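Examining the three-dimensional arrangement
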Amino acid sequence: MRIVFMGTPDFAVPSLQALIENGMQVVGVVTQPDRPVGRKRILTPTPVKIEAEKHGIPVLQPERLRRPESVEELKELQPDLIVTAAYGQILPKSVLELPKHGCINIHASLLPKYRGGAPIHHAVMNGDAVTGVTIMYMAEGLDTGDMISRLELPIEDTDTTGTLFDKLSIAGARLLTETLPDLIAGRIQAVPQNDDEAVYSPNISREQELIDWTKPALTIWNQVRGLNPRPGAYTLWNGDVLKIWGCRKPETTGEAGVPGTVVELSEAGVEVATGSGTLTIIELQPAGKKAMDAAQFIRGGQIAAGTVLG
């Protein structure tokens, strides 16, 4: 079976590796164009492109997949199956109809919950206890295709979006390996999604990064770990952005003072009043500086009890 793999970030790399290691005929890889990265704006290939080139697999990098010339390039690869994982573009009907075995996608949620571009962020920010990966047939809608297989994973208190990203990346590759034999043999019985249960997870907005200290401590704790390692939650301190990278899971509820007020400084961290309970910051990053643990920040003597954040 001739397989074309479409993917871009690190999340997709284990799935491409799984195809190669299992002896699948990957005849081409489609990924996003190289982009400038960092302050020096160095043109950088995607992680998927780097992996494909290690194995001598031809790479296509169309700016817009729906352009006729891009579709023709893809057609020349004569794919029997297209496998996608965090590719970053919606596949047009002209591409969906190319392979005789269809197009399948590895999505980092338990569909129909968290369709869209930021399923991992939203699962953590919403305080979910469970997430997972779903392999589905691709359709013209946004993550609306019939489900082929799913794998659940717990969300631990120690998880951030970053750690969960890595776990789901590996889980997706494993599920792909388990699913492909049945798909190739024609034993798949896909299940339609219930659109009435659909939940969308659009890309994170700047407004979602700002901490609202009037919210409960548990809600803010989930926000902080859901935005770690990027884009990061932030508050304002002396008129500047103060990034908050890590907090202890709150154990108290109820009124704790004026929300945003620093109530205590200790080796444990910076304890801040919220709309319900207090939240102890353990890792933060003042504007223009590197991230540091809260104890180091406190020793600098730049913040005092009674300071109001936000």
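So, a few notes on the structure that sits alongside this text. Keep in mind that this is a model prediction, so the values were computed, not measured. (Residues numbered from 1 in each chain as written. Predicted model: local features only at pLDDT ≥ 70, side-chain atom pairs only at ≥ 80, totals over all residues. Heavy atoms only, no water.)

1. Some remarks on the pattern of salt bridges
For the structure on display, the rule yields 12 salt bridges. Here Arg64 and Glu63 are joined by a salt bridge, their closest N and O atoms 4.0 Å apart. By relative accessible area, which is 34% here, Glu63 ends up partly exposed. Salt bridges here are not isolated pairs; linked through shared partners, they connect Arg35, Glu63 and Arg64. (Salt bridge = Lys/Arg side-chain N within 4 Å of Asp/Glu carboxyl O. Buried < 20%, exposed > 50% of the residue type's maximum accessible area, 1.4 Å probe, protein only.)

2. Examining the nonpolar core
In terms of nonpolar packing, the biggest core is built from 36 residues, with Phe5, Val29, Val83, Ile104, Leu168 and Leu176 touching the most fellow members. Residues contacting Val29, with those up to four places away along its chain left out, are Phe5, Leu16, Val48, Ala52, Ile57, Pro58, Val59 and Leu60. Core analysis: the next-biggest nonpolar cluster, separate from the first, contains 27 residues, Ile281, Phe297, Ile298 and Ile303 among them. (Core = buried A, V, L, I, M, F, W, Y, C linked by side-chain atoms within 4.5 Å. Contact = heavy atoms within 4.5 Å.)

3. Overview of the sheet that holds strand β8 (residues 130-137)
Strand order in the open sheet made by the seven strands is β5-β2-β1-β6-β7-β8-β9, with mixed pairing throughout. Here the strands that pair on one side only, and so sit at the sheet edges, are β5 (59-60) and β9 (147-154). Of the pairings in the sheet, the one linking strand β1 (residues 2-7) to strand β2 (residues 25-30) comprises five bridges and is parallel in character. Note that in β2 the partner of Phe5 across the bridge is Val29. (Pairing = 2+ DSSP bridges. Helix = DSSP H or I, 4+ residues; strand = E, 2+ residues; numbered from the N terminus.)

4. Description of unusual backbone geometry
As a rule of thumb, non-glycine residues mostly have phi less than zero, and peptide bonds are mostly trans rather than cis. Here the bond from Leu111 into Pro112 is cis, since omega is 10 degrees, no more than 30 degrees from zero. Note on placement: Pro112 falls in the loop between β7 (103-107) and α5 (119-125). Here the residue pair Asn228 and Pro229 is connected by a cis peptide bond, since its omega of 15 degrees sits within 30 degrees of zero. Among the structural elements, Pro229 can be located in the loop between α8 (217-226) and β10 (233-237). A positive phi is found at Gln78, a non-glycine position, where the angle reads about 50 degrees. Checked against the element boundaries, Gln78 lands in the loop between α3 (68-76) and β6 (81-85). Positioned with a positive phi, Asp143 is a non-glycine residue whose angle comes to about 55 degrees.

5. Focus: the packing of aromatic side chains
Counted under the stated rule, the structure contains two aromatic pairs. Ring geometry for Trp237 against Phe297: centres 5.2 Å apart, planes inclined by 75 degrees, an arrangement best described as edge-to-face. Taken together, the residues Trp237 in strand β10 and Phe297 in helix α9 (residues 294-299) connect sequence positions 60 residues apart. A relative accessible area of 9% means that Trp237 is categorised as buried. Taking the relative accessible area as the measure of exposure, Phe297 reaches 0% and is therefore buried. Sitting over the face of the ring of Trp221, Arg225 holds its NZ or CZ atom 4.1 Å from the ring centroid. (Phe/Tyr/Trp six-rings, centres within 6.5 Å; stacked < 30°, edge-to-face > 60°. Lys NZ or Arg CZ within 6 Å of the ring centre and 35° of its normal.)

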